[in-house]
Protein chains: 2
Amino acid sequence: MKDKGISSAVTKRLPRYYRYLSDLKASGVERISSKELSEKMKVTASQIRQDFSNFGGFGQQGYGYNVDNLCTEIGKILGLDTKRKLVIIGAGHIGQALANYQGFSKRGFILSGIYDADDSVIGSRVGEYSVKPMPSLKEDIKKDDIKIAVIAVPKHAAQDVANMVCEYGVTGIWNFALVDLKAPDSCVVENVHLVESLMNLAYNISVKES
Amino acid sequence: MKDKGISSAVTKRLPRYYRYLSDLKASGVERISSKELSEKMKVTASQIRQDFSNFGGFGQQGYGYNVDNLCTEIGKILGLDTKRKLVIIGAGHIGQALANYQGFSKRGFILSGIYDADDSVIGSRVGEYSVKPMPSLKEDIKKDDIKIAVIAVPKHAAQDVANMVCEYGVTGIWNFALVDLKAPDSCVVENVHLVESLMNLAYNISVKES
DNA sequence: TGTAGTTTGACATTTTTTTCACATAATTTT
DNA sequence: AAAATTATGTGAAAAAAATGTCAAACTACA
């Protein structure tokens, strides 16, 4: 049972903590204090302690935090201890790039297949997968217990695809189409808008220039 | 001359406003009130007005906002009226996907070339571009007045590439490598961490499940 | 075992962000 | 042309988030 009452300002920082802690662990660091971590991550030590204490606190006075333990605990909070299967819908450039991304499994995600509506790409290879036709989706999602749909189709088709996969039972959508998708309460949507990130960069460049 | 004193909580919302306004404009909507926009975007009308008023206010009492005008003004604030050239460094899956992305030019970005350190991919075609070798970068950035470097190389190489392009004179880095890149004051960095977005989705799914 | 030094977690304070509420001004209707 | 409606921009209030502080608790080392 997980606490639903934690502000998203806090939970949005967790993945970044997780990334830094994974790196520290990988480089053999055993313990770290909020002060050291704050210097690496460019946030205040106070915020780090406050964030962690939201989940009960994982540190020890006079010692700091055990990197391995902290990493595991944050992983659990993020739900990375649960293996989740996902499908990619849309075998265009973004869909292909995501299909070839090797980092999913490290974080508990298992790519199960890639789908497209265009007959001419069905059967073509993307990484180690063969592109499947859309009508297979319904069956596959139910049969293989697919939890997440990655939507990488054109804007105009995205909401229809979302409605479809929600109906078939996915609990999460990772959306790369240029719209904010809507979904029923049973399904969580995470919209990724690369263009917005680029515009933000443009803004920051403009400000600096002036 | 642009106001540097506006909080990033506000400026981070501008790209999303811009996206919605572009869509409205494209579908022929001429005017919109903060109330209508707030319903579409699922934010409060008050926030919209407050955000816009940071830049002087673009609306008219009793009427609302002129979509075309508002879109143009926000575009200017974001610096989208200035055409900026960019290069992609790293011709892997992400680099290729970005190179094939058609939306850059619509927002004032002009892809100038794609580069890779691996000799075996030099010269191969990516979209309408031919992959160039890294040593060409220095010359090309200066000659073609490249402003932005998109970094899509492996984690361990990313900081070196960043240092390099900063030295050659780029003013912005759009980073897809799994590290937070550091750069001198002359260069703005926008880190895109797709895995963090996916972890955030995982968290939200977990919370819902419990 | 005792003591000096370190570091957390909690709480108080400050700062930032969001929301509310309304005076003002334009539009729209009658 | 007047009245009714609409809707902005702003200053003030409320809420949320970040930061500072410190007692308590542990570590480390002699």
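Residues numbered from 1 in each chain as written. Chains lettered and ligands numbered in written order. Predicted model: local features only at pLDDT ≥ 70, side-chain atom pairs only at ≥ 80, totals over all residues. Heavy atoms only, no water.

Caption draft 1: Summary view of the protein's contact with DNA strand C. Around DNA strand C lies a shell of 27 residues, among which S34 and Q61 of chain A together with R31, Q50 and Q61 of chain B are the nearest. Of what DNA strand C places within 4 Å of the protein, 63% of the atoms are sugar or phosphate. Contact between DNA strand C and S7 of chain B: a phosphate oxygen at 3.4 Å from a side-chain N or O atom of the residue. Between DNA strand C and Q50 of chain B, the relevant distance is 2.5 Å, taken from a base oxygen to a side-chain nitrogen or oxygen of the residue. Sorting the residues of the surface near DNA strand C by element identifies α4 (45-53), β2 (59-60) and β3 (64-66) of chain A together with α4 (45-53) of chain B as the ones contributing at least two each. Of the residues assigned to the surface near DNA strand C, the class counts are 5 nonpolar, 18 polar and 4 charged. (Near = heavy atom within 4 Å. Polar contact = N/O pair within 3.5 Å; in protein donor to acceptor, adjacent residues only side chain to side chain. Helix = DSSP H or I, 4+ residues; strand = E, 2+ residues; numbered from the N terminus. Nonpolar A, V, L, I, M, F, W, Y, C, P; charged D, E, K, R; others polar.)

Caption draft 2: Up close: the sheet that holds strand β11 (residues 188-191) of chain A. Residue and element names in this part refer to chain A. With respect to topology, 6 strands assemble into an open sheet ordered β8-β5-β4-β9-β10-β11, the strand pairing being parallel. Here the strands that pair on one side only, and so sit at the sheet edges, are β8 (132-133) and β11. Here strand β5 (residues 109-116) runs beside β8; their pairing, made up of 2 bridges, is parallel. Residue pairing in the sheet places Y115 in a bridge with K132 of β8. Packing of helix α8 (residues 155-168) onto the sheet brings it into contact with β4 (84-89), β9 (146-151) and β10 (172-175), and relative to β9 it is tilted by some 175°. (Pairing = 2+ DSSP bridges. Contact = heavy atoms within 4.5 Å. Axes fitted to C-alpha atoms, helices over the stretch in contact; angles between N-to-C directions.)

Caption draft 3: Representation of the protein's contact with DNA strand D in the model. Around DNA strand D lies a shell of 27 residues, among which R31 and Q61 of chain A together with S34, Q61 and Y65 of chain B are the nearest. For DNA strand D, the backbone makes up 61% of the atoms found within 4 Å of the protein, where backbone means sugar plus phosphate. One of the side-chain nitrogen or oxygen atoms of R31 of chain A is found 2.7 Å away from a phosphate oxygen of DNA strand D. A distance of 2.9 Å separates a phosphate oxygen of DNA strand D from a polar atom in the side chain of T44 of chain A.

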